[in-house]
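Now for the letters of each chain:
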Amino acid sequence: TLYAAVAMYFHRTVMDSWGLPMATILCNMLFTVGSDLGSTLSGMFYGIIGSFWALLVNWMFLGFFPGGYTGEITSVFWIALAVIFIYTFLMIALKVPETMRFWALIS
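Now for a description of the structure that goes with this document. (Residues numbered from 1 in each chain as written. Predicted model: local features only at pLDDT ≥ 70, side-chain atom pairs only at ≥ 80, totals over all residues. Heavy atoms only, no water.)

Time to look at the layout of surface pockets. Counted as a void, the largest pocket has a volume near 230 Å³. If you go around the largest pocket, you meet 13 residues; those closest to its centre are A54, V57, N58, I84 and Y87. Sorting the residues of the lining of the largest pocket by element identifies α4 (37–64), α5 (74–93) and α6 (98–106) as the ones contributing at least two each. Broken down by class, the residue content of the lining of the largest pocket amounts to ten nonpolar, three polar and no charged. (1 Å grid on protein atoms, 1.4 Å probe; cavity = no way out; pocket = protein on both sides within 12 Å on 5 of 7 lines; lining within 4 Å. Points joined across faces, edges and corners; volume = space filled by probe spheres on them. Helix = DSSP H or I, 4+ residues; strand = E, 2+ residues; numbered from the N terminus. Nonpolar A, V, L, I, M, F, W, Y, C, P; charged D, E, K, R; others polar.)

Right under this line is the structure:
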């Protein structure tokens, strides 16, 4: 109900301008908050770990290619495509908790 109150009081564009997109807030609530304290703490922990893995892969990739893909060197595009494929495949194939998998793939 807190989400609904915030959404009704502030318009979506206002929240977006603050850097708080409503879709992200809703995903945080749906995939992190559990039925009891233990489930919520577990969801929070695995959410942080999943976001960490996504951040680490992005950080490493930007370390190797600081400018990203600018359209000049096509090998950067193909390497990025391979990294995305391998990362997504590993997150789906490995036996990791669902919350960690969700945040690792959505972040």
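The next point concerns the packing of α5 against α6. Taken N-terminus to C-terminus, the directions of α5 and α6 make an angle of 170°; their axes are 10 Å apart at the nearest point. Taken together, the axes of α5 and α6 are roughly antiparallel relative to one another. Taking contact as the criterion, the partners of Y87, T88, M91 and I92 in α5 are, on α6, R101, A104 and L105. Partitioning the contact of α5 with α6 into residue classes produces five nonpolar, one polar and one charged. (Axes fitted to C-alpha atoms, helices over the stretch in contact; angles between N-to-C directions. Parallel < 35°, antiparallel > 145°, perpendicular 65-115°, else oblique. Contact = heavy atoms within 4.5 Å.)

Counted by the stated rule, this structure contains one salt bridge. E98 is the partner of R101 in a salt bridge, and the nearest nitrogen-oxygen pair spans 2.6 Å. Placement of the pair is R101 and E98 together in helix α6, with a separation of three residues, close to one helical turn. Given the relative accessible area of 56%, E98 is considered exposed. (Salt bridge = Lys/Arg side-chain N within 4 Å of Asp/Glu carboxyl O. Buried < 20%, exposed > 50% of the residue type's maximum accessible area, 1.4 Å probe, protein only.)

Further remarks concern the packing of aromatic side chains. Counted according to the given criterion, the structure contains six aromatic pairs. Their ring planes at 80° and their centres at 5.1 Å tell us that F102 and W103 sit as a pair that is edge-to-face. (Phe/Tyr/Trp six-rings, centres within 6.5 Å; stacked < 30°, edge-to-face > 60°.)

Attention shifts here to the environment of L41. Topologically, L41 is positioned in helix α4. You can call L41 partly exposed: its relative accessible area is 46%.

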